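Chain by chain, the residues:
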Amino acid sequence: LHALGFVFLGVLLTSLADISPAMNALKYKLPPTDEDSLQRLLGEIFEGDLDEFRDYCMEEDAWEKVVELLDEEDGAGWDLLNDLCFARERVRDSRGTVDVSTAKRLLESPFFDRRK
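Since the model is a prediction, treat every value here as computed from it, not as a measurement. (Residues numbered from 1 in each chain as written. Predicted model: local features only at pLDDT ≥ 70, side-chain atom pairs only at ≥ 80, totals over all residues. Heavy atoms only, no water.)

1. Digging into the environment of N82
Inspection of the secondary structure puts N82 in helix 5 (residues 64-85). Judged by relative accessible area, N82 falls into the partly exposed class, the value being 27%. Spatially, the C-alpha atom of N82 lies 19 Å from that of L16, the residues being 66 residues apart in sequence. Those residues within four positions of N82 in sequence are excluded, and the remaining contacts are L50, A87 and R90. (Helix = DSSP H or I, 4+ residues; strand = E, 2+ residues; numbered from the N terminus. Buried < 20%, exposed > 50% of the residue type's maximum accessible area, 1.4 Å probe, protein only. Contact = heavy atoms within 4.5 Å.)

2. Considering the environment of T14
Examined against the element boundaries, T14 turns out to sit in helix 1 (residues 2-15). Taking the C-alpha atoms as reference points, T14 and D113, 99 residues apart in sequence, are found 22 Å from one another.

3. Concerning the packing of helix 4 (residues 50-59) against helix 5
Between helix 4 and helix 5, whose axes approach to 11 Å, the crossing angle comes to 170°. Comparing their axes, helix 5 and helix 4 come out roughly antiparallel. Taken together, the residues of helix 5 that come into contact with helix 4 (itself represented by L50, F53, R54, C57 and M58) are E64, V67, D71, W78, L81 and N82. Taken together, the residues of the contact of helix 4 with helix 5 break down into seven nonpolar, one polar and three charged. (Axes fitted to C-alpha atoms, helices over the stretch in contact; angles between N-to-C directions. Parallel < 35°, antiparallel > 145°, perpendicular 65-115°, else oblique. Nonpolar A, V, L, I, M, F, W, Y, C, P; charged D, E, K, R; others polar.)

So this is what it looks like as structure tokens:
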């Protein structure tokens with residue numbers, strides 16, 4: 001689940017990036033969105049703080065729509081990313097308990113419930 005979280009985040013940041021014609025004219029390049037770069041950002045730079053990472057993403061004009069999507073349903077997308085990207089840490093911290101994320105439980109996230 002850990003790796004899936006970073007792949008999912010990378011897909012969101014690249015496929016939903018909104019690069020305007022003006023940005024294209026300036027040969028704008030998105031910040032790196034590969035799994036290693038995102039793990040470094042979330043783990044080392046923002047020390048697991050998704051609120052700070054969200055603020056970083058908001059500073060990128062091209063990622064505004066991505067942040068808006070993740071903000072929907074009271075931040076359900078950010079909660080999902082937190083569960084995915086930090087699943088390994090949660091397993092380590094919850095040894096001896098049954099509080100472990102499963103793929104089935106994650107698929108029940110409000111982020112995926114778009115039947116409004």
